[in-house]
Amino acid sequence: MALSTEEFDMRFAGLDQWSDADFLTALWEGQMRAVASVGPMIEPLARAAAGIADRLLDGGRLIYAGAGTSGTVAWQDAKELGGTFGWPEDRTIVLLAGGVDSAPGVFNSAEDDRDAALFEVNRHNIGKHDVLIAVAASGSTPFTLGAVQAANDAGALTIGICNNSDGALLSHACHGIFLDSAPEVVAGSTRMGAGTAQKAALNMLSTLVMNRLGRLFDNLMVGMRAENTKLQGRAVRIVRHIAKCDATIAQRALEKSGFDIRCAVLMVRGQTLQKAKEILASVNGNLRAALEYKG
């Protein structure tokens, strides 16, 4: 199978001798092409997000799978969901070939270990309520394909993101997302264009999923964990904006709620902390629904 991500683009012949400015311009243009490749996938990403949200609302877990650069990009998206949206870590799993802490040599060779992927899917008891998002630039990485096939067999919803039009990942996953990021400026270096396209697609996909789960209000991160001074200041501003109160009242409500933004908003609106938690639990944590609650 010919991989577009491995092609030698002769436009960049002699790249090692170009001026620094021309060299960086070529890389910059490659990054712009990579981001642009996500545009044609807006509708497929939206359909995938709807399917993911349905499974997660039903109690499922979100699993990311990948190897090499693609796995690292997937891992980064996964690890940011807790702090940004308050998504629980015990409902997020990352299947990274060789493991997150693997040595460089193991990190590269582990992508060929299909059996390791099957073992991990079985070990985590991945099933019909779960979602697996698999990322591979080539679309043919054995570890990643193995994870998708095992997850399919277990009844999980699978999403495959790759940068080659004939990548097996596209046909094996329930939702195939093809990112036409073009041959790399530095031939085969998928940490560049392909990696950028993958990161943009994953950022967009997971953010839409979290919105469908009610973890945004307007464009505000109401599920955010306010774990440092900067984020606590942001939490105060969010509560002020939604609850239409001053900073002192917002701060007091946040402190009483353990800096739970959604509870704090409901408390400013007159609910006790316990009642705020009960209302949010009844509407899957959706603040807009909680504010309209009539029970």
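Described in the following lines is the structure provided in the data block. Within each chain, residues carry numbers counting from 1 in the order of the written sequence. Given that the model is predicted, a residue must reach a pLDDT of at least 70 before its local features are reported, and side-chain atom pairs must reach 80 or more before they are shown or counted; all residues, however, enter totals for whole chains, interfaces and linings. Excluded from the side-chain calculations are hydrogens and water; all other atoms, namely the structure's heavy atoms, are used.

### Some points on helix α5 (residues 114-123)
Categorising residues by exposure relies on relative accessible area from a 1.4 Å probe, with only protein chains included: less than 20% of the type maximum marks a residue as buried, more than 50% marks it as exposed, and the intermediate range marks it as partly exposed. Secondary structure elements follow DSSP: runs of H or I of four or more residues count as helices, runs of E of two or more count as strands, with numbering from the N terminus. Along α5, the positions that sit buried rather than exposed are Ala-117, Glu-120 and Val-121. The buried side chains of α5 occupy one side of the element, clustering within an arc of 100° when seen end-on. Exposed side chains of α5 directed beyond 90 degrees from the buried face belong to Asp-115, Phe-119, Asn-122 and Arg-123. Residue contacts follow a heavy-atom distance rule, with two residues in contact if any of their heavy atoms lie within 4.5 Å. Those residues of α5 that are buried are in contact with β2 (92-96) and α6 (142-153). The term polar contact refers here to a pair of N or O atoms within 3.5 Å; inside protein, the definition further demands a hydrogen-donor-capable atom paired with an acceptor-capable atom, and it admits residues adjacent in sequence only when both atoms are side-chain atoms. Near the N-terminus of α5, the side chain that reaches the backbone nitrogen of Asp-115, with its oxygen 3.4 Å away, is that of Asp-113. Asn-125 sits one or two positions beyond α5 and adopts a positive phi of about 55°. Our arc is simply the arc of the directions from the helix axis toward the C-beta atoms.

### Here's the deal with the nonpolar core
Membership of the largest hydrophobic core comes to 34 residues, with the highest contact counts inside it found for Ile-52, Leu-62, Ile-133 and Ile-159. For this core, the secondary structure elements donating two or more residues are α2 (42-57), β1 (62-66), α3 (68-85), β3 (131-136), β4 (157-162) and α8 (193-212). If one sorts the elements of this core by residue count, α8 sits on top with seven residues. Look past the residues within four positions of Ile-133 in its chain and what remains in contact with it is Ile-52, Leu-62, Ile-63, Tyr-64, Ala-65, Ile-159, Ile-161, Leu-202 and Leu-205. Residues belong to one nonpolar core when they are buried, are Ala, Val, Leu, Ile, Met, Phe, Trp, Tyr or Cys, and are joined through side-chain atoms within 4.5 Å.

### Side note on the packing of aromatic side chains
Ring pairs shown here join Phe, Tyr and Trp side chains whose ring centres sit within 6.5 Å, with only the six-membered ring taken for Trp; geometry is labelled stacked below 30 degrees between planes, edge-to-face above 60, and tilted in between. Under the counting rule described, the total for this entry stands at zero aromatic pairs. For a Lys NZ or an Arg CZ to count as sitting over a ring, it must be within 6 Å of the ring centre and within 35 degrees of the ring normal. Just above the ring of Trp-75 sits the side chain of Lys-79; from NZ or CZ to the centre is 5.5 Å. Between the NZ or CZ atom of Arg-288 and the centre of the ring of Phe-217, over which it lies, the distance is 4.1 Å.

### With respect to the packing of helix α11 (residues 261-268) against helix α12 (residues 273-282)
Helix-helix packing is characterised by the crossing angle of the two axes and by the distance between the axes. In contact at an axis separation of 9 Å, α11 and α12 are set at 120° when each is read in the N-to-C sense. When the interaxial angle is binned, α11 and α12 end up oblique. Handedness of the α11/α12 crossing: right-handed. Here Arg-262, Cys-263, Leu-266 and Met-267 of α11 lie close against α12, whose contacting residues are Leu-273, Ala-276, Lys-277 and Leu-280. Each residue belonging to the contact of α11 with α12 can be placed in one class, and the counts come to six nonpolar, no polar and two charged. Axes here mean lines fitted to C-alpha atoms, for a helix over just the part in contact, with angles spanning 0 to 180 degrees between N-to-C directions. Angular relationships are summarised with four words: roughly parallel below 35 degrees, roughly antiparallel beyond 145, roughly perpendicular across 65 to 115, and oblique for the angles in between. By convention the crossing between two helices is left-handed if the near helix lies anticlockwise of the far one by an angle smaller than a right angle, and right-handed if it lies clockwise. Amino acid classes used here: Ala, Val, Leu, Ile, Met, Phe, Trp, Tyr, Cys and Pro are nonpolar; Asp, Glu, Lys and Arg are charged; the rest, including Gly, are polar.

### A few points about the pattern of salt bridges
Pairing of side chains with opposite charge becomes possible as their charged atoms draw close. When a carboxyl oxygen of Asp or Glu lies within 4 Å of a side-chain nitrogen of Lys or Arg, that pair is called a salt bridge. What the rule picks out here adds up to four salt bridges. For Arg-61, the salt bridge identified is with Asp-130, shortest N-O distance 2.8 Å. Of this pair, Arg-61 sits in the loop between α2 and β1 while Asp-130 sits in the loop between α5 and β3, placing them 69 residues apart in sequence. Taking the relative accessible area as the measure of exposure, Arg-61 reaches 19% and is therefore buried. We note a salt bridge from Asp-218 to Arg-288, for which the minimum N-O separation is 3.1 Å. Here the residue Asp-218 occupies a position in the loop between α8 and α9 (229-243), and Arg-288 occupies one in helix α13 (residues 287-291), the gap between them amounting to 70 residues. You can call Asp-218 partly exposed: its relative accessible area is 46%. Among the residues examined, Arg-288 registers a relative accessible area of 38% and is labelled partly exposed.

### Things to note about the side chain of Thr-141
Residue position: Thr-141 is located in the loop between β3 and α6. Engagement of the side chain of Thr-141 in a polar contact is seen with the side chain of Ser-138, the distance being 3.5 Å. Sequence-distant contacts of Thr-141, defined by excluding residues within four places in its chain, comprise Ala-67, Glu-111 and Ala-136.

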